[in-house]
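Chain by chain, the residues run as shown.
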Amino acid sequence: MNRIPIGVYIPGNSILHRLDARAKLLCLIALTAALIYANSLPGYGIMAALTAILVALSGLKLKAACAPVKQVLPFFAVIFLMNALFNDQGQALWSWWIFNLSPAGMAAGAKVVLKLILLMILFNILMSTTAPMKITAALVSLLRPLGYIRIPVSDLALMISVALQFIPTLMEETEMIRKAQTARGARFESPRLKEKAESIMPLVIPIFISAFKRADELALAMEARGYRGGGQQIKKAAGPLGKSDFAAMLFAAAICWLQIFAL
Amino acid sequence: MPIVVENVSYTYAPGTAFETAALSGVSLTVEDGEFIGIMGRTGCGKTTLIQLIAGLLRPSSGRILLDGKDINAKGYRRDELREKVGLLFQFPECQLFETTVERDVAFGLKYLPLSAGEKEERVRWALEAAGFSFESIRNQSPLGLSGGEKRRVAIAGVLAAKPRILILDEPVASLDSVGRRDFMKLIRRLHRNGTTIIMISHDADILGEYAQRILVLDKGKLRLAAPVKEIFKDIARMEALNLDVSRPRKIAHMLLKKGISFPQDITGYGELLGAIKKLKEGCLIS
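A few points on the structure. (Residues numbered from 1 in each chain as written. Chains lettered and ligands numbered in written order. Predicted model: local features only at pLDDT ≥ 70, side-chain atom pairs only at ≥ 80, totals over all residues. Heavy atoms only, no water.)

### Examining the overall build of chain A
Now for step 1: Of the regular secondary structure elements, chain A holds eleven helices and two strands.
Now for step 2: The linear arrangement of helices and strands in chain A, starting from the amino end, is α-α-α-α-α-β-β-α-α-α-α-α-α.
Now for step 3: Expressed along its principal axes, the backbone C-alpha trace of chain A runs to roughly 65 × 60 × 40 Å.
Now for step 4: Expressed as a percentage of its 263 residues, the buried residues of chain A come to 37%.
Now for step 5: Counting contacts in chain A only where the partners sit at least 6 residues apart, residues at least 24 apart contribute 72% of the total.
Now for step 6: Only carbon and sulfur atoms are counted for the fraction: they give 71% of the accessible area of chain A, which is about 15500 Å².
Now for step 7: For chain A, the distance from the average position of its 26 positive side-chain charges to the average position of its 13 negative side-chain charges is 7 Å. (Helix = DSSP H or I, 4+ residues; strand = E, 2+ residues; numbered from the N terminus. Buried < 20%, exposed > 50% of the residue type's maximum accessible area, 1.4 Å probe, protein only. Contact = heavy atoms within 4.5 Å. Areas by Shrake-Rupley, 256 points an atom, 1.4 Å probe, with all protein chains shown as cover. Lys, Arg positive; Asp, Glu negative; His and termini not counted. Charge placed at Lys NZ, Arg CZ, Asp CG, Glu CD.)

### As for helix H5 (residues 73-85) of chain A
Now for step 1: Taking 1.5 Å per residue as the helical rise, H5(A) with its 13 residues ought to reach 18 Å, and the 18 Å between its terminal C-alpha atoms agrees with that figure.
Now for step 2: Where H5(A) is buried, its residues touch helix H4 (62-71), strand E1 (94-96), strand E2 (99-101) and helix H6 (103-129) of chain A. (Expected span 1.5 Å × (residues − 1).)

### Brief notes about the packing of helix H2 (residues 21-37) of chain A against helix H3 (residues 41-58) of chain A
Residue and element names in this part refer to chain A.
Now for step 1: Interhelical geometry of H2 versus H3 gives an angle of 150 degrees and a closest axis separation of 11 Å. The angle between H2 and H3 places the two elements in the roughly antiparallel class. On H3, the residues touching Leu31, Ala34 and Leu35 of H2 are Met47, Leu50 and Leu54.
Now for step 2: Looking at the contact of H2 with H3 residue by residue, the class counts come to six nonpolar, no polar and no charged. (Axes fitted to C-alpha atoms, helices over the stretch in contact; angles between N-to-C directions. Parallel < 35°, antiparallel > 145°, perpendicular 65-115°, else oblique. Nonpolar A, V, L, I, M, F, W, Y, C, P; charged D, E, K, R; others polar.)

### Quick word on the interface of chain B and chain A
Now for step 1: Between chain B and chain A, the contact holds 30 residues from the first and 26 residues from the second.
Now for step 2: For the pairing of chain B and chain A, the buried interface totals around 2700 Å² over both sides, and the portion due to carbon and sulfur atoms is 61%.
Now for step 3: The three residues of chain B that bury the most area against chain A are Phe97(B), Phe107(B) and Tyr111(B), which together make up 24% of that side's buried surface.
Now for step 4: Applying the counting criterion to the chain B and chain A interface returns two salt bridges. (Buried area = accessible area lost by both parts, 1.4 Å probe. Salt bridge = Lys/Arg side-chain N within 4 Å of Asp/Glu carboxyl O.)

### Topic: the packing of aromatic side chains
Now for step 1: In total, this model carries four aromatic pairs over all chains according to the counting rule given.
Now for step 2: Ring centres 6.2 Å apart and planes at 45 degrees place the aromatic pair Phe208(A) and Phe212(A) in the tilted group. Taken together, the residues Phe208(A) and Phe212(A), both in helix H10 (residues 201-224) and four residues apart, mark about one turn of the helix.
Now for step 3: Using a relative accessible area of 58% as the deciding quantity, one classes Phe212(A) as exposed.
Now for step 4: Positioned above the aromatic ring of Trp125(B) is the side chain of Lys162(B), whose terminal nitrogen or guanidinium carbon lies 4.6 Å from the ring centre. (Phe/Tyr/Trp six-rings, centres within 6.5 Å; stacked < 30°, edge-to-face > 60°. Lys NZ or Arg CZ within 6 Å of the ring centre and 35° of its normal.)

### Focus on the nonpolar core
Now for step 1: Core analysis: the largest hydrophobic core is formed by 53 residues, its most contacted members being Val105(B), Leu127(B), Phe183(B), Met184(B), Ile187(B) and Met238(B).
Now for step 2: With six residues, the top contributor of residues to this core is helix H6 (residues 147-159) of chain B.
Now for step 3: Leave out the neighbours within four places in its chain, and Phe183(B) touches Leu88(B), Ile155(B), Leu168(B), Pro171(B), Val172(B) and Leu175(B).
Now for step 4: If you look at the next biggest cluster of nonpolar residues, it comprises 38 residues, including Cys27(A), Leu50(A), Val69(A) and Ile125(A). (Core = buried A, V, L, I, M, F, W, Y, C linked by side-chain atoms within 4.5 Å.)

### Things to note about the sheet that holds strand E1 (residues 3-12) of chain B
Residues and elements named next belong to chain B.
Now for step 1: The four strands lie next to each other as E2-E1-E4-E5, forming an open sheet whose pairing is antiparallel. What marks the edges here is a single partner per strand, and that holds for strand E2 (20-30) and strand E5 (69-70).
Now for step 2: When E1 meets strand E4 (residues 61-66), the two strands line up antiparallel, connected through five bridges. Looking across to E4, one finds that Val5 is bridged to Ile64.
Now for step 3: Against the sheet, helix H1 (residues 46-53) engages E1, E2 and E4, with an angle of about 60 degrees to E2. (Pairing = 2+ DSSP bridges.)

### So, the pattern of salt bridges
Residues and elements named next belong to chain B.
Now for step 1: For the structure shown, the criterion picks out 25 salt bridges over all chains.
Now for step 2: The shortest N-O distance in the salt bridge between Asp67 and Arg164 comes to 3.2 Å. Taken together, the residues Asp67 in the loop between E4 and E5 and Arg164 in the loop between H6 and strand E7 (165-169) connect sequence positions 97 residues apart.
Now for step 3: Its relative accessible area of 18% is what places Asp67 among the buried residues.
Now for step 4: Each of Asp32, Asp67, Lys69, Arg77, Glu80, Lys84 and Arg164 takes part in one network of salt bridges that share partners.

In structure tokens:
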């Protein structure tokens, strides 16, 4: 109820909104690499600070920027526990059967979870500050070289953009079906696990049906409007990159270099 | 006991870029056994209002009382609300999921304290009320039915729980004329048996024929709440809100404009016919 939409483009006019989508994608790739290589306290500090600065620059509200993290919190808890309990390096604080709680394991778990949280926020910033069509255009532009080895780049880009655009629609529909089933007696709100589990099928089946139906209708509509697949080019991302785009990419590359070689 | 909505406001996605006030300061009372029609343009907050009444959304401010109890209070039993209030969404055919029609209709009865025999009896009653022959439909897959049939199965799924208050969101939209007539006959029968009906519709003819009272929403505010005759009487006021009045009402108005003394409190076809008959007999010619 009353959920903040996640991964949805929020129009705005911040520095991040104005950057070119291609530059933003490349920056995200560089920062992802940096995040994966980060392995020291200053390294983590830099990445966390950077993410915080980007959130501030994007003009997103903190709650909106962190919304996707909140939704997968249980998943993160599982990851943390797996790392904390099954690490057999270092001294164990507590041991039972196959479980082995150690400070080293806890540290490893915390590191993984921190990396994932920062990664999710970074992706969310990209999605929130860039219109889906621009992301697609940027993907096509960046992947164009693959066209020479006969990979259908524009079709792939179209698939990605359709998938991205349907996320909010499907989420809205899920919400509506959840309400409809609740109104006729499904117990999503029940604290009992059994009743909660029983409520999943009435939700999943209608969503699948409707997603397939939508896909069918969209395919027909696209064909009716002359889409034949293959070879058709989606419009190029507008114009050459600007100074700020290069500055952003340079900065991201520097961070990446720093994490891999210096820290 | 009635439904009381007290100064209710609802804001969608507060604190984000999508923040919008869907309803502001709505107060109303629905008496037991009433037939209420809700009119308003797309996006005026109709669906939000009924979802609040059905307890699917929580008001941002204000209270909603059912039988004197605040449905959003901490200790309130939600199951009680679900048992009393049935809600049929727009395009309810999307909610079907079971392998057979019988099981789908019985879904809402799962947690009710009824014996297996009673449950089957309810399902039979609901499907027959929705115009099916129970024996021939019970084992069919709901997903293989036609659009109109699917909708009737979905309606049976809501009726099976025997709600005392039935809320309907555009139930006749995209039904054909026979489907509409059958559906409204069913609703009228339920209403006569004491069920409170709250129905959103763009169809002024249907509301003029069946509803007792009309609520008009505009941009999240309750603009008008009065008996249907009063609402439809003032055609200019409805036009100012970009809403239609029923065709019988328009015909009565046209006759008056042509200089024929004709009663102006007509909203349905039955009344229109009656008045024309009287006119023919000369009772109204002065």
